Amino acid sequence: MFREILRTQWKWSTIGVVVGAVVAFALPLMTVQGAGTADARWIEVRQLLDDQRSWAQWYPLLALAVGLLVGTSAWTNDHRVRHVYALTLPLPRWRFVLLRYGAGLVLLVAPMLALAVGAGVAASAATVPSGLHAYPVALSIRFALAVVVAYSIFFAISSGTTRTAGYVLSVVGAVVVVQLLFRVSGGSTNLLTAIFDRMVTWPGPFEIFSGRWMLIDV
Amino acid sequence: MSNAIETRAVQRRMNKAFEIRDLALNVPSGSIYGFLGPNGSGKTTTIRLLLGLLRSSQGSIALLGRSVPADMPHILARTGFVPERPHLYAGLTIGEAVRYHSAFYSAWDAERAESLRRQFRLDPSQRVGRLSKGETGKLLVLLALAQNPDLLVLDEPTDGLDPVVRRDVLSALLDYVSQCGATVFISSHLVHELERFCDWVGVMDDGRLVAEMPMGTFKNGIKRLRVLDGPAVVDDAPFTLLAREPSDGVSAGEIWVVRDWQASMSQYFERVGASLREVVDLDLEEGFVELLRTFRSPNA
Amino acid sequence: MCSVRVASRMNARLPAVGALILVCATASGLHAQDAAQYRDKVDRLAARLEAVRAQVLAKDSIGSPVDTVRRGPLRLLVRPERQAFLAEVADITWDTLATMLGADTLLILGSHVFVHVADDSRLRLPPDVGQYRIWRLGEPRDVAADLARFIVHTIWEGLDATLRSWLSNPAGLDSLSNTQAEAVYVDLVTAPWELVKACRAGDLEACARSLDLEVADDTVSLWYTAEEQRRRVEKGGGTWWDIYNRKLPDYIGCTGGDDAACSVYLNQHRWMIGAPLSASARESFLRVALEVGGEGALGRLARSEAPATGGRLSAAAGVPRDSLIALWRDRILAAAPAQVIITGATGWTALAWVLVLAFLALRSTRWRNP
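The structure presented is a predicted model; accordingly, all values stated were derived computationally and were not measured.

*Asks:* Outline the side chain of B:S188, listing residues and values.
*Replies:* Looking at the element boundaries, B:S188 is found in strand β9 (residues 183-188). If near-sequence neighbours (up to four positions away) are discounted, B:S188 is found in contact with B:F35, B:L36, B:G37, B:K43, B:E156, B:E193 and B:L194.

In structure tokens, the structure reads:
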């Protein structure tokens, strides 16, 4: 049963998983292109760290994109047939959802492993300047967690009904409207920023995305 | 005789204009139950209620002796379902769809699946989304039959199919029923199609079950009579008068459409001073139309 | 003494111009005098200059009534209707500068800073009045920030050449930010030189040398080991000069293993080599010194006559040099960037969110009104 669900989900998410895995493998290699000699001057070290920083933003974006693609594609085909097929299969709803969720997690192993391998190769191939260190394992773990969090978010939203999606959108819309009212009334409170901050700082769900995504760092 | 499907006082409001009211279905085990009704009468809604796709606001539903929706996994493991609109994943090939479906059913009959695939001439490499309506219908029936169900719920399975495909599908169904003795609950608005093989019939109209009876009773009980000098008021007749119309002008007298007719009831006309000139058997479709006409008349 | 007569609008400019010339002429003749005399002179001249300007402003040479907003060394010449706005500007600016400048304001700046609004056509000022013009009246905070920048720039212009050369670029007076400190931390832990490594390990003398706080004839040898010097020579500057220089005997000697030749070569080519720690690190040290010194720190820096930069910054901070270095080092090490390695809290929180979201997904209803 799980194998068949996995097979269908692979069929639906092939592009997301394959492209995600290729990019995940290539990204660490791209980031170390500027890595020079062991006794690099401070300006070269700074340049390398700046390069790392500018590449770093792509890791969480990639994690989000892969999570989004695999999370939503798990349900797209069921949405098309209004879940009739899934609901007439002889297993409890929660078990079906669990199987789908698990299948998605298995598929996500590909980009996670690709990044781990890419980071490992990049770290061993690059000459890391004195005082800096390569963190392929930490980066891989961070990426894996971010992918799983992103996947879980989009999977949970996609598994909901149209009404659930409506509630989520209503809440977002209400926040925006309240913010506009604040602004119109001359208030200085920035609700959107406050909520965003809460989301990306501990213990918010997106905290894992806001960390330090450096393959090479001090 | 136990019932494969049994509902009691089921209610479900779909919108302001339509609701299922006091639905009391009794589908005997082993029967082929034709579920008739015009478009929009509530057949598909009833099937969704039976399969736990919709939640009833009131009443109880039991399939194969188990309660809906509490025991849905057990019920669905023994129930084959062919929906009105295809519900399979369009991106899969026929082979993949069969393999996927089979994984969920412990009683899956791979031989029957393969035999039906050959019989229906379905190419396993073809995508489900690119199948014609007839091919889709055949695939759905294949999937439903290969899972060895005790109950088949078919929602307009032959609607829109050409006569050849329709014959193939229905013969496959009947073969299965004759071999396995499963109960079939088949909805359709094509009355003459059900007439040939259903042994029970239920008629829906406007969200209500208008009639439910053995096919024989339904077919034989509704007659068209030609009556001369009929009484102005019919109040003590042993049958139910469904309709009374002037004759077509060629023959004299009136045309009465009656229900629950038996031959001995002809004495009634002698008693009231009328003359019964002709008794005509109505086929299922004519009976169905007359039944609905009566049900919808203001005096019903 | 000079007397000032103001009779007309044209004449009104003359005394101020004269006073400025007097200040310049007198100041240029002060080299031989001692510091105390110098300060007295500057104070007297500044007071005189302000008196002259006040006289000018008090006369009818000004096209419309003018008020003067006074905050520390700031003199803002304003039309009455703009007084509230510019008073706020002055408050903000002075709040920013007051702590650092303190009582030594006039000594550091040399005179008051006269400010007026450029587009004020009704305010016809003598050309020398108004060293700073406000070009656009936007938010008071923005105007104040520009004004503060101007004043800081003026201060750096007034510092002596040694300090200016040590610092490379004018620094602000605000405290060392975490971002700046983090950048210096990167320098500290990535610089491949033995001296910096020793500094990082806690050798304060090494820190002093790395920051170029000491006076020495052969700074190259003070900063780099023989092997490091050779590496620098071999690496070169990457210009066509390097190709030319490779023919020089010292270059050949250095790359051939002669340590002394390396030192000679690098001292002859100082443009190739700087102190082991960057200018940003030196700026961070200055900021820490001013921060530690508090009120009047900049004044003490300007007045200090210590030969080495370390001594002058120590005077500004009001603490011994090594203590200041230790404070700076602690501050920089404390600014280490967040770990790349995921903390337990982050990891477990992420997993907890995954469980919560999976639980929510499992509650996906079968009642979907298909």
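Now, onward.
*Asks:* Would you mind going over the interface of chain A and chain C in detail, with residue names and values included?
*Replies:* Buried accessible area, meaning the area lost when the parts come together, often serves as the stated size of an interface. Tallying the contact residues gives 46 residues for chain A and 39 residues for chain C. For the interface between chain A and chain C, the tally reads one salt bridge. The partner of C:E182 in a salt bridge is A:R212, and the shortest N-O contact between them spans 3.6 Å. Applying the counting criterion to the chain A and chain C interface returns six residue pairs in polar contact (both at pLDDT 80 or more). Of the residues assigned to the side of chain A that touches chain C, the class counts are 26 nonpolar, nine polar and eleven charged.

*Asks:* Outline the sheet that holds strand β14 (residues 254-259) of chain B, listing residues and values.
*Replies:* Strand pairing within a sheet occurs via backbone hydrogen bonds; the two strands may be parallel or antiparallel. Residues and elements named next belong to chain B. Pairing is antiparallel in the open sheet, where four strands are placed in the order β13-β14-β12-β15. Among the strands making up the open sheet, the edge pair consists of β13 (240-246) and β15 (275-281). The average undirected angle you get between the axes of adjacent strands in this sheet is 25°. Two elements, strand β12 (residues 223-228) and β15, share six bridges in a ladder whose sense is antiparallel. Directly across from R224, in β15, lies its bridge partner V280. Each of β12, β13 and β14 is contacted by helix α10 (residues 284-296), which is oriented at about 95° to β13, the strand it contacts most.

*Asks:* Give me the lowdown on a nonpolar patch on the surface, citing residues and values where you can.
*Replies:* Residue and element names in this part refer to chain A. A surface patch of nonpolar side chains, amounting to about 390 Å² of accessible area, comprises V168, V172, V176, L180 and L192. Element by element, the count of residues in the nonpolar patch is highest for helix α7 (residues 162-184), at four residues. Examined against the element boundaries, V176 turns out to sit in helix α7. Taking the relative accessible area as the measure of exposure, V176 reaches 36% and is therefore partly exposed.

*Asks:* Describe the sheet that holds strand β8 (residues 151-155) of chain B, naming the residues involved and giving the relevant values.
*Replies:* All names here are of chain B. Read from one edge to the other, the open sheet built from six strands follows the order β7-β8-β9-β4-β10-β11, with strand pairing classed as mixed. Looking at strand neighbours, the two that pair on one side only are β7 (79-82) and β11 (208-214), the edges of this open sheet. Strand-to-strand twist in this sheet, taken as the mean axis angle between neighbours without regard to direction, amounts to 15°. Here strand β10 (residues 200-205) pairs with β11 via six bridges, running antiparallel. Residue V201 lies in a different strand from β11, and its bridge partner there is M213. Lying on the sheet, helix α5 (residues 133-146) is in contact with β7 and β8; it crosses β7 at an angle near 175°.

What counts as what
- Residues numbered from 1 in each chain as written.
- Chains lettered and ligands numbered in written order.
- Predicted model: local features only at pLDDT ≥ 70, side-chain atom pairs only at ≥ 80, totals over all residues.
- Heavy atoms only, no water.
- Helix = DSSP H or I, 4+ residues; strand = E, 2+ residues; numbered from the N terminus.
- Contact = heavy atoms within 4.5 Å.
- Salt bridge = Lys/Arg side-chain N within 4 Å of Asp/Glu carboxyl O.
- Polar contact = N/O pair within 3.5 Å; in protein donor to acceptor, adjacent residues only side chain to side chain.
- Nonpolar A, V, L, I, M, F, W, Y, C, P; charged D, E, K, R; others polar.
- Pairing = 2+ DSSP bridges.
- Axes fitted to C-alpha atoms, helices over the stretch in contact; angles between N-to-C directions.
- Patch = residues over 30% accessible without salt bridge, like charges linked within 9 Å, V, L, I, M, F, W, Y side chains within 5 Å.
- Areas by Shrake-Rupley, 256 points an atom, 1.4 Å probe, with all protein chains shown as cover.
- Buried < 20%, exposed > 50% of the residue type's maximum accessible area, 1.4 Å probe, protein only.

The values reported here are purely geometric and, on their own, carry no functional implication.
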